[in-house]
Amino acid sequence: LWDQASTKLRDRVGSNNHTAWIAPLHLTGIESGEAKIATPTRFISDWVQRHYADAIRDALVEVGAAVSRLNFSVAAPRRAAPAAASRKRVETARPVAEPEMSAPLDARFTFDNFVVGKPNELAHAAARRVAEGGPVTFNPLFLYGGVGLGKTHLMHAIASDIRARRPEARVLYLSAEQFMYRFVQALRERTVMDFKEMFRTVEVLMVDDVQFIAGKESTQEEFFHTFNALVDQGKQIVISADRAPGEIKDLEDRIKSRLQCGLVVDLHPTDYELRLGILQSKTDAFRAQYAGLCIEPGVLEFLAHRITSNVRVLEGALQRLFAFASLVGRKIDMDLTQDCLADILRASDRKLSIEDIQRKVAEHYNIKLADLVGQKRVRTIARPRQVAMYLAKQMTTRSLPEIGRRFGGRDHTTIMHGVRKIEELCADDHGLAEDVQLLRRALEA
Ligand code: ADP
Ligand code: MG
C-alpha cells in the first residue's frame, strides 16, 4: 500500500523531492482513520509535515486507504542489526562514499534523448565536453535557464555518461535542496566530518537548482568550502540554476563570483523548430508504447505552435493525448487534441490576446488599428482584417462569437467567412501564406 502511495507521490512531487523527503518515510499502520508514519529524524518529520502532509494523505486515499489524519513519529535511525551488536564496528565502518548519497538518475535523461536546436546547442555542447572528461576545461560549468528547458535532463545525461565511460569515477549528483538536507542532518547527527569527507572525495560534483540555497546561510557557507576544496583539487563541478549567477538574490558575492569563473551557458526558451523536434522524438517513443495509434499530420505542428511555455508541459500534453486516444480508441486528430487539451491550450492562450494579434497585424500591414476593426471595405484593409480573424481563431481558443465581438461587434458567420477565405487563399497565394507565417512567428515570440 505504501509503495503504491509512494509511487503516486513521486509523480506529484518529482523524483528529487521524493528521494529527499518521501523515501525515508515508513507507514507503520493505519488505525481508525489515522495513518502512522515513521520518520528517521525530527527534521525530516517537521519538513514533511509542513510541505507534504496533504499530498501524502491524498496519495493514501487514492490508493484506497481510509485515512483522514496523519500521525508522524520519529523512530531511531534504522541500523543494520549486526552493527548495533558491536559498537566498535559502527565507529570504524564509517559511511564514506555511500552510493545512495547521489540522487538516482532518470534513465530517460540521456544525451541520446536530448533534442538539440539553436536555443540549447551551446549548453548541450558544453555538457558533452564535460562528460567526455580529459583535462578540466571549464570549472564550474554553470547551466541556467527557465523551468522545463532541460537543465536537469542535461545534468543527468552528464552523470550517466561519465558513469558509463568511467565506472570507477565517483560522480555525485544531487539537488541543492538535498545538499542542504544532508548537511543539516549531518549537523544534527554530529557527522559533519563524514559529510565533508564524503563531498570532498568525489571526482565530479553536480548540484542542481542551486538557487535553492540562496538565503540559507550555513548551507551556503558549507557549499562554498566544498566548492573551493574540489576546485583546488582539479575536480569537475557542474551547477544548474534558474537564472544567471549574478541574478540570484541572497547569494553571497564571493559565491556568485566563484560560480562565474568557469563557463556560464544558458538554455534559451525553445523555438518552434526545437519544439517540433522534441515532439517528433517523443512521438516515436510513444508509438512504441501505444502500438497501433495513429496521429494525423498537423497535430504536432499545432502543438509546437501553441504550447510554447516549457518542454515539460509540451511533453505532458503529448502523453495525455496518447493515453486518452488509446483509452477511447480514436486516432489523434485535431478534434481529439482540442477536446483533450482544452485546459492546457487555454492556459497558454492567456498570454496572447486578440488585441495583441490585431495590433501586430495592423502594424505589419501599416494600417490603423481602428480601421482594422472598423467597417471600411477596401481590400487593403479588409484582407488584413481577415488575416487577423484567421490568426485569432488559430492561435487562441476564443469562440467565433467572442472573436466577432472583438472585431467591432461582427457576427460569428462573418468571422467564419474570413477564416475560410484566408485558408483558401493561402493555398495558392504564397505571398499571403508567407505573411501569415511571419505574423504567427512574431506573435509566438
Ligand atoms: P529543468 O530542469 O530545466 O526545469 P528538465 O530537464 O526537467 O527541465 O526538463 C523537463 C522535461 O522536458 C524533461 O522531461 C526533459 O526530458 C524534457 N526536455 C527538455 N528539453 C529537452 C530536449 N532538448 N530534448 C528532449 N527532451 C527535453
Ligand atoms: Mg530541473
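Residues numbered from 1 in each chain as written. Chains lettered and ligands numbered in written order. Predicted model: local features only at pLDDT ≥ 70, side-chain atom pairs only at ≥ 80, totals over all residues.

## What about the overall build of the protein?
- Along its length, the protein carries 22 helices and 8 strands.
- The proportion of buried residues among the 445 residues of the protein is 32%.
- Intrachain contacts of the protein at a sequence separation of at least 6 include 74% that bridge at least 24 residues. (Helix = DSSP H or I, 4+ residues; strand = E, 2+ residues; numbered from the N terminus. Buried ≥ 20, exposed ≤ 12 C-beta atoms within 10 Å, placed from the backbone. Contact = placed C-beta atoms within 7 Å.)

## Examining the UniProt feature "binding site: ATP" (unreviewed entry) in the protein
- Those residues carrying the UniProt feature "binding site: ATP" (unreviewed entry) are G148, G150, K151 and T152 in this numbering.
- Within the secondary structure layout, G148 lies in the loop between β4 (141–145) and α7 (151–165).
- Other than its neighbours up to four places away in sequence, G148 contacts N310, V311, R312 and V313.
- When near neighbours in sequence (up to four residues on either side) are disregarded, K151 contacts L143, G145, S240 and L267. (UniProt positions renumbered as here; feature names shortened; annotations may be inferred.)

## Remarks on the confidence of the model for the protein
- Counting all residues, the mean pLDDT for the protein is 87, and 93% of those residues have values of 70 or more.
- By mean pLDDT, the top-scoring element of the protein is strand β7 (residues 236–241) (96), and the lowest-scoring one is helix α4 (residues 81–85) (37).
- Scored below 50 in pLDDT, residues 77–99 shows 13 contacts in the model against residues more than four places distant or in partner chains.
- Two numbers describe this predicted complex: its pTM, 0.64, and its ipTM, 0.99. (pLDDT = per-residue confidence, 0-100.)

## Things to note about the site of ligand 1
- As a matter of local geometry, ligand 1 sits amid 17 residues, with G150, K151, T152, H153 and V311 nearest to it.
- Of all the secondary-structure elements, those providing two or more residues to the shell around ligand 1 are α7 and α14 (311–328).
- Within the shell around ligand 1, the residues separate by chemical class into 7 nonpolar, 7 polar and 3 charged.
- Looking at which domains feed residues into the shell around ligand 1, each of domain 2 (100–267) and domain 3 (272–349) supplies at least three. (Near = placed C-beta within 6 Å. Nonpolar A, V, L, I, M, F, W, Y, C, P; charged D, E, K, R; others polar. Domains from an automatic or database assignment.)

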